[in-house]
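Summary of structural features
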Amino acid sequence: MSNCSKAVWHYLPDLRGCYVQYQNVDLSALDGSLQYCFKMTSKFLFEGIWLDSRFTPLENLCFARNEFLVKDNDVILVSYPRSGTHWMIEILCLIYYKGEPSWVQSVPNYIRSPWIENNHFQEYIKKQDGSRLMTSHLPVHLFPKSYFTSNAKIIYIIRNPRDVVTSWYHLVKGELRWKQPKRFDEILDDFVQGELAYGSWFDHVLGWIKRREMGSFLLIFYEELQKDVRGSVEKICQFLGKKLKPHEIDSVLQNSSFSAMKENKMSNYSTPDNHITRVFTSPMLRKGISGDWKNHFTVAQSEAFDKLFQEKMSGLDAALFPWS
Ligand SMILES: Nc1ncnc2c1ncn2[C@@H]1O[C@H](COP(=O)(O)OS(=O)(=O)O)[C@@H](OP(=O)(O)O)[C@H]1O
């Protein structure tokens, strides 16, 4: 039985209709204030999507969605979590600096390309001018409304969902607050049910992928980056209208490699004030490979997942996905 068996639900009118699920916490330790519980438990449901208030407080989400003004020359990197977002942030920041590594070596990644829905976004985005760079894990229906009337560019990165859930499992395994971390099968179950933060992978991808017909949208796969990182960087440069010389591209590749990022304090969340290591002990950069899911899925899980994938993604050409 899951160690998250104790679940209580509350309707919070003062928090604009959110539900809180008390999960895996000692309820007797709470003072009874719903607001306090909300902060402690962190998981909340907003328009059908589970979010984590430690990273995405409701006020920030509401600001991002209703008030933040996306500009025509903004570049927004969007992904479902654990899909290679930080790798792409590094590549984009290096492209902006023509391969010169001073920015990626002096400013933390979450400030270089701040998360739209997260804490401190308003503070961090003020530091940028010109073609602003920002990141988001939001599904399309929760995205800033102003984006839909802008010409901002979106780069949407997709990774094999089997590797996404594997990566997620390893991340939450090191979550500090759990007395006992969830097993892989429990995380896989949450993933399939769309109960991890940012909701269902399938809905996220299906929602965003439709926008590739609208222009100003680049779809890129983690597996494509793995297979041909130079070709991918050239494609991104073309999309952004940036012209880099071959040696500048060499430097982009060198400074965004897994080993370079793992050693860079500004990219591996080892700066003292970062919000991640207060929550997780697991490394943000773990293995950086494709196919590690094969070491985690049982044959039965793999077959069930294949079936689910085919059902959910039946409207899309299977050849679109580089792992199929
Ligand atoms: N440079 C580079 N090369 C290859 N792979 C890389 C790189 N940087 C990050 N990663 C891997 O990306 C995974 C984390 O994905 P995200 O950055 O999207 O995670 S997050 O949800 O935004 O925290 C996570 O995958 P796993 O290693 O499979 O866990 C990271 O290791």
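Before reading further, recall that the structure is shown in the block above.
Here's what I pulled together on the structure shown here. (Residues numbered from 1 in each chain as written. Predicted model: local features only at pLDDT ≥ 70, side-chain atom pairs only at ≥ 80, totals over all residues. Heavy atoms only, no water.)

Looking at the packing of aromatic side chains
Filter applied, for reference: Ring pairs are drawn from Phe, Tyr and Trp, using the six-membered ring of Trp, whenever the two centres fall within 6.5 Å, and their geometry is named by plane angle: stacked under 30 degrees, edge-to-face over 60, tilted for the rest. Only DSSP runs of H or I covering at least 4 residues are called helices, and only runs of E covering at least 2 are called strands; the numbering of each starts at the N terminus. A ring is scored as having a charge over it whenever the NZ atom of a lysine or the CZ atom of an arginine sits within 6 Å of its centre and within 35 degrees of its normal.
Considering all chains together, one arrives at 29 aromatic pairs under this definition. When the centroid spacing of 6.0 Å and the interplanar angle of 35 degrees are considered together, the rings of Trp201 and Phe309 count as tilted. Taken as a pair, Trp201 in helix α9 (residues 201-209) and Phe309 in helix α14 (residues 299-312) lie far apart in primary sequence, 108 residues in all. The residue whose ring lies beneath Lys242 is Tyr96, and the NZ or CZ to ring-centre distance is 4.4 Å.

Comments concerning the pairing of strand β6 (residues 133-136)
Taken residue by residue, a regular strand's side chains alternate between the two faces of the sheet. Inclusion rule: Only protein chains enter the accessibility calculation, which uses a 1.4 Å probe; a residue is then buried when its area is under 20% of its type maximum, exposed when over 50%, and partly exposed in between. Two strands qualify as a pair provided DSSP detects at least 2 bridges between them.
Burial of the side chains of β6 extends over both faces: Leu133 and Thr135 are buried on one face and Met134 and Ser136 on the other. Sheet topology note: the strand β5 (residues 75-79)/β6 ladder contains four bridges and is parallel. In the sheet register, Val75 faces β6, and the bridge partner there is Leu133.

Things to note about the pattern of salt bridges
This is how the line gets drawn: Between Lys or Arg on one side and Asp or Glu on the other, a salt bridge is scored when a side-chain nitrogen of the former is within 4 Å of a carboxyl oxygen of the latter.
Counted under the stated rule, the structure contains twelve salt bridges. Residues Asp74 and Arg132 are paired through a salt bridge, measuring 2.7 Å at the closest nitrogen-oxygen approach. Of this pair, Asp74 sits in the loop between α2 (58-67) and β5 while Arg132 sits in the loop between α6 (121-125) and β6, placing them 58 residues apart in sequence. Considered together, Asp74 and Arg132 belong to a single accessibility category, that of buried residues. Its salt-bridge partner being Arg162, residue Asp306 comes within 2.9 Å of it at the nearest N-O pair. With a gap of 144 residues between them, Asp306 in helix α14 and Arg162 in helix α7 (residues 161-173) connect regions that are remote in the sequence. Note on Asp306: relative accessible area 31%, which makes it partly exposed. Accessibility expressed as a relative area gives 7% for Arg162, which makes it buried. One salt-bridge network, in which partners are shared between bridges, spans Arg183, Asp185 and Glu186.

Observations regarding the site of the ligand
Basically, it comes down to this: One heavy atom suffices: a residue is near a molecule or strand as soon as one of its heavy atoms comes within 4 Å of it. Polar contacts, as used here, are pairs of N or O atoms within 3.5 Å; protein pairs need one atom able to donate a hydrogen and one able to accept it. Residues neighboring in sequence count only if both atoms are side-chain atoms. Here the Shrake-Rupley method, with its probe set to 1.4 Å, supplies the accessible areas, and only the displayed protein chains count as covering residues. Any residue outside Ala, Val, Leu, Ile, Met, Phe, Trp, Tyr, Cys, Pro, Asp, Glu, Lys and Arg is labelled polar, Gly included; the first ten of those are nonpolar and the last four are charged.
What surrounds the ligand is a group of 22 residues, the closest being Thr85, His86, Ser167, Lys287 and Gly288. In this structure, Gly84 approaches the ligand through a main-chain N or O atom, which is 3.0 Å from an oxygen atom. The separation between an oxygen atom of the ligand and a polar main-chain atom of Gly288 is 2.7 Å. Protein burial of the ligand: of its 650 Å² of free accessible surface, 96% is covered by the chains. Those elements that place two or more of their residues in the shell around the ligand are α3 (85-96), α10 (222-227) and α13 (258-263). Sorting elements by how many residues they give to the shell around the ligand places α3 first, with three residues. Residues that form the shell around the ligand fall into these classes: eight nonpolar, ten polar and four charged.

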